[in-house]
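Here is how the chains run, residue by residue.
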Number of protein chains: 2
Amino acid sequence: MSISNSKIPEPALRRLPWYLSYVKLLKGRGETYVSSTRIADKIDVSATQIAKDLSYVNISGKTRVGYDIDELIHVLESFLGFTKQHKAVVFGVGSLGAALLSDSGLEQFGLKIIAGFDVDDSVVNESTHTIPVYHSNEFIERNKGIKAEIGILAVPSGVAQTVSNYMVRGGIKAIWNFTPFRVRVSEDVVLQNTSLYAHLAVMFNRLNDSKIQKFKNSK
Amino acid sequence: MSISNSKIPEPALRRLPWYLSYVKLLKGRGETYVSSTRIADKIDVSATQIAKDLSYVNISGKTRVGYDIDELIHVLESFLGFTKQHKAVVFGVGSLGAALLSDSGLEQFGLKIIAGFDVDDSVVNESTHTIPVYHSNEFIERNKGIKAEIGILAVPSGVAQTVSNYMVRGGIKAIWNFTPFRVRVSEDVVLQNTSLYAHLAVMFNRLNDSKIQKFKNSK
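What you are looking at is a predicted structure, and each value in this text was computed from that prediction instead of being measured.

We now examine the relation of the copies chain B and chain A. Note on the identical chains: chain B maps onto chain A by a rotation of 180 degrees and an axial translation of 0.0 Å, with an RMSD of 0.0 Å. Here the copies are linked by what is in effect a two-fold axis. Relative to the rotation axis, the closest C-alpha in chain B is found at Ala-99 of chain B, a distance of 2.1 Å.

Written out as structure tokens, the structure reads:
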């Protein structure tokens with residue numbers, strides 16, 4: 001019985017890239033099979049949970065030896081969407097946006113950034129990036145050709161909502177929001193928030209807590 | 001009674017940057033007071049939850065008018081650690097690492113990247129970045145002067161664990177892990193994972209689901 005078509009819960013989905021990363025490492029070392037127990041040894045997740053997570057993707061392990069590593073990599077990359085090419089545009093070519101434009105590493109994971117859009121004439125049409133940067137005004141017309149479905153949002157917070165609405169009008173189906181602003185989209189648009197600033201805040205807070213703890217312990 | 005010293009739960013902590021972002025926007029529009037109901041209108045969080053989250057930071061609203069915006073911004077930025085300067089180094093100046101080195105936007109949020117470290121001679125000591133890049137071998141010696149406590153991990157997965165251990169030996173107290181690899185650290189080291197690839201996977205998956213949904217609805 002295959003349950004690969006049932007909807008995978010988000011926490012399980014988010015763990016799959018960890019397993020992928022680890023089995024790719026094993027492949028690099030020339031290994032051919034891996035068990036969920038072996039993965040559990042290296043990653044902070046129980047073997048039972050790993051086996052359950054992997055039951056959502058279309059793969060079955062062999063008794064004793066476990067999963068075929070090549071097959072597992074192939075199935076995971078394909079399930080995660082990393083083998084397809086998803087076209088994306090970046091809105092806001094400031095420091096973060098420019099950084100994302102130049103991060104060619106994302107392409108290996110299925111994200112192909114086609115163009116950047118900005119309202120600032122000093123970045124529009126400049127040639128320092130390998131990817132063209134156009135004026136935001138041109139987006140709706142240009143996206144008829146580009147056909148990007150993913151819009152990366154890296155504009156100032158004050159215009160985040162307006163730019164999101166504009167992207168959706170131009171055909172964007174998923175917004176990857178890097179701003180600290182909570183944009184709202186209609187139900188048929190996918191919204192993924194990646195707030196580097198929230199992660200920073202959590203890290204600073206824990207760092208501070210661990211210092212307080214050490215101070216207390218030293219007394 | 002102040003409860004500002006009680007430990008804030010992580011979900012609340014992660015919401016604070018959203019409130020900060022929104023009230024800064026209001027300040028830019030010349031407004032002076034904001035109520036939790038008003039914030040709730042714009043952000044997908046209930047007014048009760050917002051008031052509760054804000055009870056962890058040292059601020060109290062006034063009946064009817066709400067919070068003083070200037071005070072709220074000041075208190076939030078300080079609570080979140082954005083007003084302090086936290087020194088950081090980046091390990092791995094590949095596409096993502098180089099992107100982070102050039103993202104000066106992080107500095108506004110209290111993260112000051114002092115140097116990059118890499119083993120690849122073609123990036124070490126090159127001058128295209130505004131921040132110096134040294135050979136990884138030099139880290140322990142150089143960090144005696146730099147005194148960075150935060151280490152940003154942007155190396156290939158295969159060396160993520162080794163490099164983490166090395167960073168900790170050189171005085172790093174918090175690791176911001178951008179690799180898809182699950183590194184392990186001892187209890188006294190703070191670990192913050194930011195897996196762009198996991199976020200990508202979730203976004204691709206939802207995008208796919210919403211297409212299936214539309215296809216079903218159209219039948």
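Residues and elements named next belong to chain A. Take Glu-107: it is sitting in the loop between helix 5 (95–102) and strand 4 (111–118). With 41 residues separating them along the chain, Glu-107 and Gly-66 place their C-alpha atoms 30 Å apart. Engagement of the side chain of Glu-107 in a polar contact is seen with the side chain of Lys-112, the distance being 3.4 Å.

Of all hydrophobic cores here, the largest spans 152 residues; its most connected members are Tyr-19, Leu-111 and Ile-152 of chain A together with Tyr-19, Leu-111 and Ile-152 of chain B. Residues within four places of Leu-111 of chain A in sequence aside, it is in contact with His-86, Ala-88, Leu-106, Ile-150, Ile-152 and Trp-176 of chain A together with Leu-200 and Phe-204 of chain B.

Moving on, we get to the pattern of salt bridges. Considering all chains together, one arrives at 20 salt bridges over all chains under this definition. Note that Asp-70 of chain A and Lys-27 of chain A form a salt bridge whose closest N and O atoms lie 2.6 Å from each other. With Asp-70 of chain A in helix 4 (residues 69–79) and Lys-27 of chain A in helix 1 (residues 10–28), this pair connects stretches of sequence that are 43 residues apart. Accessibility expressed as a relative area gives 45% for Asp-70 of chain A, which makes it partly exposed. Note on Lys-27 of chain A: relative accessible area 41%, which makes it partly exposed. Between Glu-138 of chain A and Arg-142 of chain A there is a salt bridge, and its shortest N-O distance comes to 2.8 Å. Judged by relative accessible area, Glu-138 of chain A falls into the partly exposed class, the value being 29%. Here Arg-142 of chain A falls in the partly exposed class, since its relative accessible area comes to 34%. Bridged by salt links that share partners, the residues Glu-10 and Arg-14 of chain A together with Arg-206 of chain B form one connected network.

This brings us to the sheet that holds strand 4 (residues 111–118) of chain B. Spatial strand order, 5-4-3-6-7-8 (chain B): 6 strands in an open sheet with parallel pairing. A single partner strand is all that each edge strand has here, and the edge strands are strand 5 (133–135) and strand 8 (190–193) of chain B. Neighbour to neighbour, the strand axes of the sheet diverge by 25 degrees on average, direction disregarded. As judged from the 4 bridges shared by strand 3 (residues 86–91) of chain B and strand 6 (residues 150–153) of chain B, these two strands associate in the parallel manner. Residue pairing in the sheet places Ala-88 of chain B in a bridge with Ile-150 of chain B of strand 6 of chain B. Across the sheet, helix 8 (residues 196–218) of chain A is in contact with strand 3, strand 4, strand 6, strand 7 (174–177) and strand 8 of chain B; its angle to strand 8 of chain B comes to roughly 170 degrees. This element, helix 5 (residues 95–102) of chain B, spans strand 3, strand 4, strand 5 and strand 6 of chain B of the sheet and lies at about 145 degrees to strand 4 of chain B.

Definitions and limits used
Residues numbered from 1 in each chain as written. Chains lettered and ligands numbered in written order. Predicted model: local features only at pLDDT ≥ 70, side-chain atom pairs only at ≥ 80, totals over all residues. Heavy atoms only, no water. Least-squares fit on C-alpha atoms with pLDDT ≥ 70 in both. Helix = DSSP H or I, 4+ residues; strand = E, 2+ residues; numbered from the N terminus. Polar contact = N/O pair within 3.5 Å; in protein donor to acceptor, adjacent residues only side chain to side chain. Core = buried A, V, L, I, M, F, W, Y, C linked by side-chain atoms within 4.5 Å. Buried < 20%, exposed > 50% of the residue type's maximum accessible area, 1.4 Å probe, protein only. Contact = heavy atoms within 4.5 Å. Salt bridge = Lys/Arg side-chain N within 4 Å of Asp/Glu carboxyl O. Pairing = 2+ DSSP bridges. Axes fitted to C-alpha atoms, helices over the stretch in contact; angles between N-to-C directions.

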